[in-house]
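Summary of structural features
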Amino acid sequence: CARFAEEDARVFGADVSWDYPSDESNGAASSEIRKLRMDVTEHQEIQDTVDEIVSSEGKIDVLVNNAGLIVPRPLAEVSREDWNRTFEVNSSGLFFCLQAVAKTMITAVENGALTSGSIVNIASVAGLDGRTTSTPYGASKAAVVNITRSTARELAKHNIRVNAVCPGIIDTAFNARLGDVFGPQSGISSREWVEARADGVPMGKLGTARDIANAVAFLASDDASYITAQTLNVDGGFVPN
């Protein structure tokens with residue numbers, strides 16, 4: 001959100017909760033983000049949020065599908081509830097957000113309010129090669145890659161592009177939570193577990209949220225106007241294409 005605000009975009013951030021620690025590094029950009037509450041598993045909330053934004057701005061130029069969760073359990077301990085919840089957020093929620101926004105983009109293109117649209121889905125390298133701490137998570141992100149390809153083909157005739165970004169091992173609170181689970185099991189601290197993951201990355205370091213945001217901003221921009229149906233790995237070489 002902050003990265004797009006830096007580009008003078010009018011940013012609407014929709015999330016189930018905004019109870020996050022503040023990031024002072026984002027500075028003034030964060031104050032330009034209009035925060036909305038939305039649960040991607042609630043179909044009506046998706047539609048109401050999209051309607052609110054279109055009512056305010058007249059159109060939606062870009063959608064970044066970034067909602068996601070992981071349930072880090074061994075294979076034998078994964079419950080049906082774990083599986084369903086993971087897919088409900090990571091795959092179904094993403095698809096129905098894409099569907100609702102794509103409808104508005106098609107209408108805007110047809111009436112001349114929009115010349116093109118861009119949708120960027122956040123997948124994961126876990127959905128590409130099976131290396132994951134959660135089988136449901138990897139499977140749900142593989143679905144995101146497929147959703148990206150199939151919807152891109154359907155929406156191309158409307159000049160709406162759909163691409164995906166696959167983060168690798170990124171130094172965020174997401175991985176910190178995994179460290180809280182797996183660090184003690186390995187006899188090390190949460191932070192040590194996270195930092196040790198860089199050992200498997202050819203570039204020898206963890207990625208940052210900014211690395212991902214820069215890739216998303218590029219795919220959303222006119223600089224990527226002839227790129228669609230693609231999956232961009234941002235992973236320091238962890239999973240080569």
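Thresholds, definitions, all that
- Residues numbered from 1 in each chain as written.
- Predicted model: local features only at pLDDT ≥ 70, side-chain atom pairs only at ≥ 80, totals over all residues.
- Heavy atoms only, no water.
- Axes fitted to C-alpha atoms, helices over the stretch in contact; angles between N-to-C directions.
- Helix = DSSP H or I, 4+ residues; strand = E, 2+ residues; numbered from the N terminus.
- Parallel < 35°, antiparallel > 145°, perpendicular 65-115°, else oblique.
- Left-handed = near helix turned anticlockwise from the far one by under 90°.
- Contact = heavy atoms within 4.5 Å.
- Nonpolar A, V, L, I, M, F, W, Y, C, P; charged D, E, K, R; others polar.
- Buried < 20%, exposed > 50% of the residue type's maximum accessible area, 1.4 Å probe, protein only.
- Pairing = 2+ DSSP bridges.
- Right-handed = clockwise from strand over helix to strand, strands pointing away.
- Salt bridge = Lys/Arg side-chain N within 4 Å of Asp/Glu carboxyl O.
- Core = buried A, V, L, I, M, F, W, Y, C linked by side-chain atoms within 4.5 Å.
- Phe/Tyr/Trp six-rings, centres within 6.5 Å; stacked < 30°, edge-to-face > 60°.
- Lys NZ or Arg CZ within 6 Å of the ring centre and 35° of its normal.

1. A few points about the packing of helix α4 (residues 80-110) against helix α6 (residues 135-155)
- One can describe the packing of α4 onto α6 by two numbers: an axis separation of 8 Å at closest approach and a directional angle of 15°. In terms of their interaxial angle, α4 and α6 are classed as roughly parallel. Crossing hand, α4 versus α6: right-handed. When α4 is examined against α6, the residues W83, T86, F87, N90, S91, L94, F95, L98, A102 and I106 are found in contact with a partner set consisting of T135, P136, Y137, A139, S140, K141, A143, V144, I147, T151 and L155.
- The class makeup of the residues in the contact of α4 with α6 is 14 nonpolar, six polar and one charged.

2. A few points about the pairing of strand β3 (residues 62-65)
- Side-chain alternation along β3 places L63 and N65 on a buried face and V62 and V64 on a face that remains uncovered.
- When β3 meets strand β4 (residues 117-122), the two strands line up parallel, connected through four bridges. Paired with V62 across the strands is S118, a residue of β4.
- Taken together, β3, α4 and β4 constitute a β-α-β crossover, and its handedness is right-handed.

3. Some words on the sheet that holds strand β6 (residues 231-234)
- In spatial order, the strands read β3-β4-β5-β6; together these four strands make up an open sheet with parallel pairing. Lying at the two open borders of the sheet, with one neighbouring strand each, are β3 and β6. On average, each strand axis in the sheet is tilted by 20° relative to the strand beside it, whichever way the strands run.
- Sitting on the sheet, helix α9 (residues 209-220) is in contact with β3, β4, β5 (160-167) and β6, with an inclination near 165° to β5.

4. Side note on the pattern of salt bridges
- On inspection of all chains with the given rule, the structure shows 11 salt bridges.
- Across the pair K59 and D61 runs a salt bridge, and its minimum N-O distance is 2.9 Å.
- One salt-bridge network, in which partners are shared between bridges, spans D171, R191 and E195.

5. Some points on the nonpolar core
- Grouped together as the largest cluster of nonpolar side chains are 46 residues, with contacts concentrated most on L98, M105, I119 and L155.
- Only α3 (43-57), α4, α6, β5, α7 (173-185) and α8 (190-196) provide two or more residues apiece to this core.
- Among the elements that line this core, the one with the most residues is α4, at nine residues.
- Excluding residues that lie within four positions of it along the chain, M105 makes contacts with I60, D61, V62, L63, L114, G117, S118, I119 and I160.

6. What to know about the packing of aromatic side chains
- Scanning all chains against the criterion turns up four aromatic pairs.
- Each ring, one from F182 and one from W193, has its centre 5.5 Å from the other, and the planes form 25°; the classification is stacked. Of the two residues, F182 is situated in helix α7 and W193 in helix α8; the sequence distance between them amounts to 11 residues. Per residue, the accessibility class of F182 equals that of W193, and both read buried.
- Its end group placed over the ring of F238, R131 keeps NZ or CZ at 4.1 Å from the ring centre.

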